[in-house]
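# Structure assessment
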Amino acid sequence: MKFIKFLIGITASFFFLYLVFHSLSLKSLTAALLDVKPVWLCSGLLCLVVAYLVRIKRSQVMLASLNANVSFARSAVPYMIAIAANNVLPLRAGDALRAINFSTWLKVSNVSVLAIMMVERLMDLLIIIASFGGALFLFHPQNEKSDILLHSSSTFLFVTAVCIVGLLLFPTLLRAPVEWVLNLVKRWAPRLEEKLRPHSDNLFSTLMLMTHKPRMAMLLGYTGLSWFLEACTFYMIAHAIPQMFNPNAGWLAMPVGTLSTALPSSPGYVGTFHYFVIVSAKALGNSTEASTAFAILIHLVLWLPITLCGALCFVYWTFKRSRASSSGFQPCANRDT
């Protein structure tokens with residue numbers, strides 16, 4: 001099954017890459033990439049760095065509610081390793097790595113780490129959807145057809161956002177279906193149900209802890225700030241390419257490109273990300289060559305520094321673990337209690 005998913009992802013990436021390059025002037029594309037403005041490029045990189053610092057702080061706040069001794073640096077290691085692994089490994093392997101391998105490092109149970117990741121994903125999706133709706137409202141073409149599309153899209157986005165807010169504020173809404181599954185498992189495999197139930201209880205207790213109203217407001221504030229900074233990165237990278245007629249396309253490309261990463265693709269979201277960023281840029285009047293140069297450059301900015309940082313964190317984590325092992329210290333096994 002995993003191989004089939006991987007094959008589908010690779011096929012999708014090649015398909016979208018074909019759509020991107022099949023009628024493109026490589027000479028014009030190369031000229032656009034060589035004409036990049038360094039000041040705007042560095043400004044975009046700075047915004048991206050601050051965005052990830054804010055996200056790591058958000059992760060630390062959630063982890064500190066379970067273990068007050070978790071530092072910012074200690075929170076950063078699994079977060080950045082997971083992002084880098086998703087960039088180079090198939091099937092979002094970084095998410096599984098973060099959920100399974102860092103319990104001892106963080107002194108927080110695996111199930112609690114999984115619950116924190118769930119809350120992060122829901123908050124991220126909520127802000128991205130809101131950003132998409134805002135960009136559509138501000139930048140959509142003024143004609144009857146686009147107005148109809150805007151209204152229908154807004155309705156879908158609003159309903160989705162309401163559902164996400166409901167899950168964030170009332171995670172017990174998921175308790176009933178989970179209990180139904182556990183009771184079904186109990187009927188056929190009672191021993192398995194006995195093993196799963198403590199994990200389920202731990203998951204929901206962590207989710208309830210995260211929904212504490214002042215904490216949730218702070219977490220949503222961190223989330224909104226981080227994605228605004230990433231949108232600024234898109235906007236500044238659009239400005240870095242002189243051929244971009246309308247750099248405001250960066251505000252639309254951020255949510256569209258980010259949402260496209262949910263589609264099957266190769267590691268690093270090659271092809272899918274580029275295609276939808278190009279579509280967003282062209283929708284606001286930019287040429288194919290400029291839009292493609294923008295998509296390539298923003299992907300490189302998002303992928304390369306974060307992957308290198310995650311790789312350094314992985315080396316540091318591996319060194320610390322091997323040093324602890326050689327000194328005779330044996331960390332406790334990962335437990336979910």
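Residues numbered from 1 in each chain as written. Predicted model: local features only at pLDDT ≥ 70, side-chain atom pairs only at ≥ 80, totals over all residues. Heavy atoms only, no water.

### Let's talk about the pattern of salt bridges
Counted only if it meets this: By salt bridge we mean one thing: a side-chain nitrogen of Lys or Arg within 4 Å of a carboxyl oxygen of Asp or Glu. Strands here mean DSSP runs of E at least two residues long; helices mean DSSP runs of H or I at least four residues long; both are numbered from the N terminus. Burial classification: accessible surface area is computed with a 1.4 Å probe over protein chains only, and a residue below 20% of its type maximum counts as buried, one above 50% as exposed, and the rest as partly exposed.
Inspection of the entire model under this criterion finds nine salt bridges. Between glutamate 230 and arginine 55 there is a salt bridge; the shortest N-O distance is 2.8 Å. Taken together, the residues span a long stretch of sequence, with glutamate 230 in helix α11 (residues 213-240) and arginine 55 in helix α3 (residues 38-64) at a distance of 175 residues. With relative accessibility at 6%, the residue glutamate 230 sits in the buried group. On the basis of relative accessibility, which here comes to 4%, the residue arginine 55 falls in the buried class.

### Some thoughts on the packing of α3 against α11
Where we set the bar: Only the stretch in contact is used when fitting a helix axis, every axis being a line fitted to C-alpha atoms; angles between N-to-C directions are given from 0 to 180 degrees. Geometric relationships in this document are graded by angle, where less than 35 degrees denotes roughly parallel, more than 145 denotes roughly antiparallel, 65 to 115 denotes roughly perpendicular, and other angles denote oblique. Two helices that cross are described as forming a left-handed crossing if the nearer one is turned anticlockwise from the farther one by less than a right angle, and a right-handed crossing if clockwise. As a working rule, the residues Ala, Val, Leu, Ile, Met, Phe, Trp, Tyr, Cys and Pro are called nonpolar, Asp, Glu, Lys and Arg charged, and the rest polar, with Gly in that last group.
Two elements in contact, α3 and α11, have axes whose closest approach is 8 Å; the angle formed by their N-to-C orientations is 165 degrees. Between α3 and α11, the interaxial angle falls into the category roughly antiparallel. By crossing handedness, the relation of α3 to α11 is classed as left-handed. When its residues are assigned to classes, the contact of α3 with α11 shows 20 nonpolar, six polar and five charged.

### Section: helix α4 (residues 72-88)
Here is the rule we go by: Multiplying 1.5 Å by the helix residue count minus one yields the expected span of that helix.
With 17 residues, α4 should reach 24 Å at 1.5 Å per residue; the first-to-last C-alpha distance of 25 Å fits that figure. The buried count for α4 comes to 13 of 17 residues, which makes it a mostly enclosed element.

### Details of the environment of arginine 55
Test applied: Whether two residues are in contact is decided by their heavy atoms, any of which lying within 4.5 Å being enough.
Each C-alpha atom of the pair arginine 55 and leucine 219 lies 9.3 Å from the other, and the pair is 164 residues apart in sequence. Arginine 55 has contacts with Tyr79, Ser226, Trp227 and Glu230, leaving out every residue within four places of it along the chain.

### Brief notes about the side chain of serine 103
Tracing the chain through its elements places serine 103 in helix α6 (residues 103-106). Here serine 103 falls in the buried class, since its relative accessible area comes to 5%.

### Notes on the packing of aromatic side chains
For clarity, the threshold we go by: Centre distance within 6.5 Å is the pairing criterion for rings of Phe, Tyr and Trp, where only the six-membered ring of Trp is used; planes under 30 degrees apart are then read as stacked, over 60 as edge-to-face, and the remainder as tilted. The criterion is that NZ of a Lys, or CZ of an Arg, lies within 6 Å of the ring centre and within 35 degrees of the ring normal, and then a charge sits over that ring.
Under the criterion given, the structure shown has eleven aromatic pairs. With 5.1 Å between their ring centres and 25 degrees between their planes, tyrosine 235 and tryptophan 251 make a pair best called stacked. Here tyrosine 235, found in helix α11, pairs with tryptophan 251, found in helix α12 (residues 249-260); they are 16 residues apart in sequence, far enough to count as distant. Residue tryptophan 251 is classed as partly exposed on the basis of its relative accessible area, which comes to 23%. A ring pair is formed by tyrosine 275 and phenylalanine 276, whose centres lie 5.2 Å apart and whose planes are at 85 degrees; its orientation type is edge-to-face. Given a relative accessible area of 24%, phenylalanine 276 falls into the partly exposed group. Connected via pairs of aromatic rings, a cluster forms that spans Phe15, Phe16, Tyr275 and Phe276. Here the guanidinium or amino end of arginine 55 rests over the ring plane of tyrosine 52, the centre of that ring lying 4.9 Å away.

### Some thoughts on the state of the cysteines
Which entries qualify depends on this criterion: Here, a disulfide means two cysteine sulfur atoms that sit within 2.5 Å of each other.
Under the defined criterion, the tally for this structure stands at zero disulfides. The thiol sulfur of cysteine 42 is not disulfide-bonded, and the nearest other cysteine sulfur, from cysteine 47, lies at 12 Å. Lacking any disulfide linkage, cysteine 47 is separated from the closest cysteine sulfur, that of cysteine 232, by 5.0 Å.

### Some remarks on a nonpolar patch on the surface
Which entries qualify depends on this criterion: Patches in this entry comprise residues that are over 30% relatively accessible and not in a salt bridge; like charges within 9 Å are linked, as are nonpolar side chains (Val, Leu, Ile, Met, Phe, Trp, Tyr) within 5 Å. The accessible surface values rely on the Shrake-Rupley method and a 1.4 Å probe; as for residues, cover is taken only from the protein chains in view.
Taken together, the side chains of Phe3, Ile4, Phe6, Leu7, Ile8 and Leu91 present a nonpolar region at the surface, about 580 Å² in accessible area. Note that leucine 7 resides in helix α1 (residues 2-21).

### Notes on the packing of α3 against helix α7 (residues 110-139)
Where α3 meets α7, the closest approach of the two axes is 11 Å, and the angle between their N-to-C directions is 140 degrees. What the angle tells us is that α3 and α7 run oblique. You can see that α3 and α7 cross each other, and the crossing is right-handed. Contact residues: α3 offers Arg58, Ser59, Met62 and Leu63, while α7 offers Ile116, Val119, Glu120, Met123 and Asp124. Here the contact of α3 with α7 is built from residues that sort into five nonpolar, one polar and three charged.

### A look at the environment of methionine 62
Following the sequence through the fold, methionine 62 ends up in helix α3. Along the sequence, methionine 62 and serine 75 sit 13 residues apart, while their C-alpha atoms lie 9.8 Å from each other. Sequence-distant contacts of methionine 62, defined by excluding residues within four places in its chain, comprise Ile116, Val119, Glu120, Met123, Met210 and Leu219.

### Some thoughts on unusual backbone geometry
Unlike most non-glycine residues, leucine 91 shows phi in positive territory, near 60 degrees. Secondary-structure assignment places leucine 91 in the loop between α4 and α5 (93-101). Within the chain, arginine 92 stands out as a residue other than glycine whose phi angle is a positive 50 degrees. As for its placement among the helices and strands, arginine 92 is situated in the loop between α4 and α5. The class for arginine 92 is partly exposed, based on a relative accessible area of 35%.

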